[in-house]
Number of protein chains: 2
Amino acid sequence: MDTTYHDMWSLTKNALLSNGCDDRNSAAVATTVASAEWTGSRSHGLFRVPGYIKSLRSRKVDGHASPEVTHPTPAIVSVDANNGFAPLALEEGVEALTKVVSSTGVAALIVRNSYHFAALWHETFSLASRGYAALAVVCSTPLVAPFGSKKAFFGTNPISFAFPRKVEQPLVFDMATSTMAHGDVQIAAREGRQIPSDVGLSPSGSSTTDPNEVLDGILLPFGGYKGSLISLMVELMAAGLAGDNFSYEAELGDNGDGGPARGGEFIVAFSPEILAGPGWDEHCAAFFTEYAQQGDTYLPGESKRRLADLRGTVTVDNEIYRTIRNLTQINNKK
Amino acid sequence: MDTTYHDMWSLTKNALLSNGCDDRNSAAVATTVASAEWTGSRSHGLFRVPGYIKSLRSRKVDGHASPEVTHPTPAIVSVDANNGFAPLALEEGVEALTKVVSSTGVAALIVRNSYHFAALWHETFSLASRGYAALAVVCSTPLVAPFGSKKAFFGTNPISFAFPRKVEQPLVFDMATSTMAHGDVQIAAREGRQIPSDVGLSPSGSSTTDPNEVLDGILLPFGGYKGSLISLMVELMAAGLAGDNFSYEAELGDNGDGGPARGGEFIVAFSPEILAGPGWDEHCAAFFTEYAQQGDTYLPGESKRRLADLRGTVTVDNEIYRTIRNLTQINNKK
């Protein structure tokens, strides 16, 4: 079916509200869900709402959590999400980070005690839209075998990077450090599609194109040992530096309700105006022009342009839509 | 032949001294060269010395340059290398960065107007040895085709990350974002060895295992489009944020003497003690133990342990050694 941004936002917000989440938290999650679906990041869109609701019903997540923002140093923003969903904590954290980095030129944001499965580009894109470059990482639960292993140990450990541009929309990418994102494998399984043979291994450790076998088995890191090292770096930033769960710890502490696991997020932001000085935008614009002339190159972030205009509709999965509406209605009838 | 760390250090330092480099700069370059060779990073060891000397002889590099360290904000160290080799600028920059990050918890170092082809791990390892995590990036000259292109545009754009450990040596990796480092392809060509078929393409754009064809053609990024995005991020950090040459600009401004090209370097450092708080080391040590139990996993940095003990010898290439000695003697006879 086709639907509007605002319809998806309301659908998500109402579903959360009717399952014990307060207004501020419901609105923050609805914004990240609707923005993802709107820009084609389906694996972080409506698809995730039933999981959010499961974690409210199991009381794993506090739908009334109020994040606390502190500044351990003038260049650091630390947010304790107090066992709430990540989006509200990130909203407040990014707001504080923007103020800090505008004077320090480099600043870090750590979020702790949050339940996370939104896309990372939401924060990096937001920072880049305000003139700051940003790198964000998060780990999750064991799904990916490190290079040299056949056991799930790393999360899909995404890395998002955004870079501002004064005239154009920011450059932004957000990619799992596994060959394919877990959500995309789940979607392929639901839709009965095959996946490339380098995505993962079956439970017996053999190569397969069946997404169900990979979901029961393991995902592989992208790019062999080099991608595995990037994933290792993500663990050390998102858990080691943020002081929250490594992926293997997140699984041990989880109640298995199918919702997001508890963990941290780590973002570092940079002011090109302060670091490189005036002229940075012309310098980078010339680079982007050259890059575009090298062939069929890919400047990531174009899908995010849709956020600048929320009119019109997108096509969403009927079944997911109905499921979320039912999750709302059932609870309203109670 | 077998030789000692101190012999390699003196060989390099004397070669540079006798070709117009001052004592401080010669010593700094000799330390990075000898450390690389000592720990098995042959592509950044003695192999690079003739290139350093070419760039002194062509007067591209100022062997008497004195780096200037400034602090645009309390969290940023900016070093103008004043057209000298990178190692001395980095030595002074890392010293200043260490002081800054110990109070701010996150800090950035940008180096500009330097001539760089040392390994990046030297700086990240040094920071991690003092208790700080660090990420370092640099771009170079066009050698790698972005995903979707068959034209060299990116440098090999290495990324190095190091993480401190209180008991063990730090974790540290340093890898080109190309499938193979350019120096390693050069070494394979010199030694007449074949290379894997995914490393690069011949000048006509076809797959090849001949390193000479790849040196005339292009290198490919590791891990397809994902590795290409990491390389794009490196350009934007090392040139966009540092305010120095993108790889394509470095080539345009170079005199083609075979020495290093002018460019910037970007390092960001983090204090786990401030960010994650006390207990970070035990938390991460448990993670490393788990990681080691996942199979034949790779915890990078073990080769750097050799730096803790500079006794004994390593085997070096006879021809390179003789070449460097000749480059010293020729000039001394003048």
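Residues numbered from 1 in each chain as written. Chains lettered and ligands numbered in written order. Predicted model: local features only at pLDDT ≥ 70, side-chain atom pairs only at ≥ 80, totals over all residues. Heavy atoms only, no water.

## Section: the overall build of chain A
Then comes step 1: Counting its regular elements, chain A contains 12 helices and 11 strands.
Then comes step 2: For a compact globule of 334 residues, the expected C-alpha radius of gyration is about 20 Å, and chain A comes in at 20 Å, within 12% of that figure.
Then comes step 3: Dimensions of chain A, computed from the C-alpha atoms along their principal axes, are close to 55 × 45 × 40 Å.
Then comes step 4: Taken across its 334 residues, chain A has 61% of its residues classed as buried.
Then comes step 5: If you take every contact in chain A between residues at least 6 apart in sequence, the share linking residues at least 24 apart comes to 67%.
Then comes step 6: Here chain A contributes 27 positive and 36 negative side-chain charges, whose respective centroids are spaced 5 Å apart. (Helix = DSSP H or I, 4+ residues; strand = E, 2+ residues; numbered from the N terminus. Rg over C-alpha atoms; globule rule 2.2 N^0.38 Å. Buried < 20%, exposed > 50% of the residue type's maximum accessible area, 1.4 Å probe, protein only. Contact = heavy atoms within 4.5 Å. Lys, Arg positive; Asp, Glu negative; His and termini not counted. Charge placed at Lys NZ, Arg CZ, Asp CG, Glu CD.)

## Remarks on the interface of chain B and chain A
Then comes step 1: The partner chain A presents 75 residues to the 75 residues of chain B that form the contact.
Then comes step 2: Taken together, both faces of the contact between chain B and chain A bury some 5900 Å²; the carbon and sulfur share is 78%.
Then comes step 3: Considering only the side of chain B, the residues that lose the most area to chain A are B:K226, B:L275 and B:F287, jointly responsible for 12% of the buried surface there.
Then comes step 4: If you look at where chain B meets chain A, you find 20 residue pairs in polar contact (both at pLDDT 80 or more).
Then comes step 5: Here the element with the most residues in the side of chain B that touches chain A is helix α8 (residues 224-241) of chain B; it accounts for 12 residues.
Then comes step 6: When grouped by side-chain class, the residues that make up the side of chain B that touches chain A number 49 nonpolar, 17 polar and 9 charged. (Buried area = accessible area lost by both parts, 1.4 Å probe. Polar contact = N/O pair within 3.5 Å; in protein donor to acceptor, adjacent residues only side chain to side chain. Nonpolar A, V, L, I, M, F, W, Y, C, P; charged D, E, K, R; others polar.)

## Observations concerning the packing of aromatic side chains
Aromatic ring pairs are described here by two measures, namely the spacing of the ring centres and the angle between the planes.
Then comes step 1: Applying the stated criterion across every chain, the model contains 37 aromatic pairs over all chains.
Then comes step 2: Ring centres 6.0 Å apart and planes at 85 degrees place the aromatic pair A:Y5 and A:W38 in the edge-to-face group. Of this pair, A:Y5 sits in helix α1 (residues 5-17) while A:W38 sits in helix α2 (residues 23-38), placing them 33 residues apart in sequence. Each member of the pair, A:Y5 together with A:W38, is buried.
Then comes step 3: Three or more aromatic residues joined by ring pairs form one cluster here, namely A:F153, A:F154, A:F246, A:Y248, B:F287, B:F288 and B:Y291.
Then comes step 4: A:R165 extends its terminal NZ or CZ atom over the ring of A:F288, reaching a point 4.9 Å from the ring centre.
Then comes step 5: We note A:R306 situated over the ring of A:W38; from NZ or CZ to the ring centre the distance is 4.3 Å. (Phe/Tyr/Trp six-rings, centres within 6.5 Å; stacked < 30°, edge-to-face > 60°. Lys NZ or Arg CZ within 6 Å of the ring centre and 35° of its normal.)

These figures capture arrangement, not role.
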